[in-house]
Structures are given as structure tokens and as C-alpha cells.
Amino acid sequence: MKKIKYFSQILLIAIFLSSCKTSINKETPLFNSEDKMNEHPNLEKKRMEIKFSCGEDGISEYLDDGWIILEEDYQEKICTWKSVPATKDCDMEKDKGCKITKPDKIGEEKIYLLER
């Protein structure tokens, strides 16, 4: 009985050791990979989205830096808010619950999609 137990342990260890082979990194070299990299070093283009709101305009800085506008989009945006009393009897300094916040100035938000 001991021999069978001993033999089964040895067999189990042998199976375990034979199944664990060392992994060898066999990467196949790409033909002319260095040449292709040198031909087109900067194929990846960079994209960026920027927003200017309420009269701000800084797009000329980006255009001078070599960026190209792909898309322009305009959206309405609230630039400033103002607080007004909810009723004529409301004292906004004493009773904060009667204060209503409303849009004061409405402007335009410009969204640019740039690429370099």
C-alpha cells in the first residue's frame, strides 16, 4: 500500500514538473519595421476640443501654434446670474428663502475641434 502511495506521489510530481515548461519569448521580427518607422515618424494626429464662453476668444493662439479647426459649434450659454425677490414684500437680506436666481446675461459658447 505504501508503494502505491509513494508511486502515485512521484507520478503526480512528474506530471506537474513536465507540464511547467519555461516560456521562451519567440517574437518574429517585423520585416522593414525600422524603415517604416523612419518614413512616417508622426502619423498619429493629435485632436483637442476647446471651449470659449461669453465673449472669450483665444482660438488665434491655437491657430498660430499650428492647429487646424475641424469643427465649430455654437451653443447658447448663461454667462451671469442675478438674484431677485420672489414677491414685492420679500426682503432678500433677512429671508433667504424668498430669493430667486434668474439668468442675467445670455451669451454664446463656441466649441472647436482642433487637429494638429
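Preceding this paragraph is the structure being described.
Now for a quick tour of the structure. (Residues numbered from 1 in each chain as written. Predicted model: local features only at pLDDT ≥ 70, side-chain atom pairs only at ≥ 80, totals over all residues. Heavy atoms only, no water.)

## Structural notes on the state of the cysteines
As enumerated under the stated definition, the model contains two disulfides in all. The side chain of cysteine 54 participates in a disulfide bridge whose partner is cysteine 79; the two sulfur atoms lie 1.8 Å from each other. Residues cysteine 54 and cysteine 79 share a disulfide whose torsion about the S-S bond is about -105 degrees; that sign makes it left-handed. Linking cysteine 54 in the loop between β1 (47–53) and α3 (59–64) with cysteine 79 in strand β2 (residues 68–85), this pair joins segments that are 25 residues apart in sequence. Judged by relative accessible area, cysteine 79 falls into the partly exposed class, the value being 27%. (Disulfide = S-S within 2.5 Å. Helix = DSSP H or I, 4+ residues; strand = E, 2+ residues; numbered from the N terminus. Buried < 20%, exposed > 50% of the residue type's maximum accessible area, 1.4 Å probe, protein only.)

## A short note on the environment of leucine 70
Considering the arrangement of structural elements, one finds leucine 70 in strand β2. Excluding residues within four positions of it along the chain, leucine 70 makes contact with Arg47, Leu113 and Glu115. (Contact = heavy atoms within 4.5 Å.)

## A closer look at the pairing of strand β3 (residues 99–115)
Pairing of β1 with β3 involves seven bridges; the strand directions are antiparallel. Note on β3: the bridge partner recorded for serine 53 is glutamate 109. Taken together, the 16 bridges between β2 and β3 define a ladder with antiparallel strand orientation. Of the residues in β3, the one forming a bridge with isoleucine 69 is leucine 114. (Pairing = 2+ DSSP bridges.)

## A look at the packing of aromatic side chains
According to the stated counting rule, one finds one aromatic pair in the structure shown. Both rings, one in phenylalanine 52 and one in tyrosine 112, keep their centres 6.1 Å apart while their planes meet at 65 degrees; by these two values the pair is edge-to-face. Residue phenylalanine 52 is located in strand β1, and its partner tyrosine 112 is located in strand β3; the two are separated by 60 residues in the primary sequence. The exposure class assigned to tyrosine 112 is buried, which follows from its relative accessible area of 6%. (Phe/Tyr/Trp six-rings, centres within 6.5 Å; stacked < 30°, edge-to-face > 60°.)

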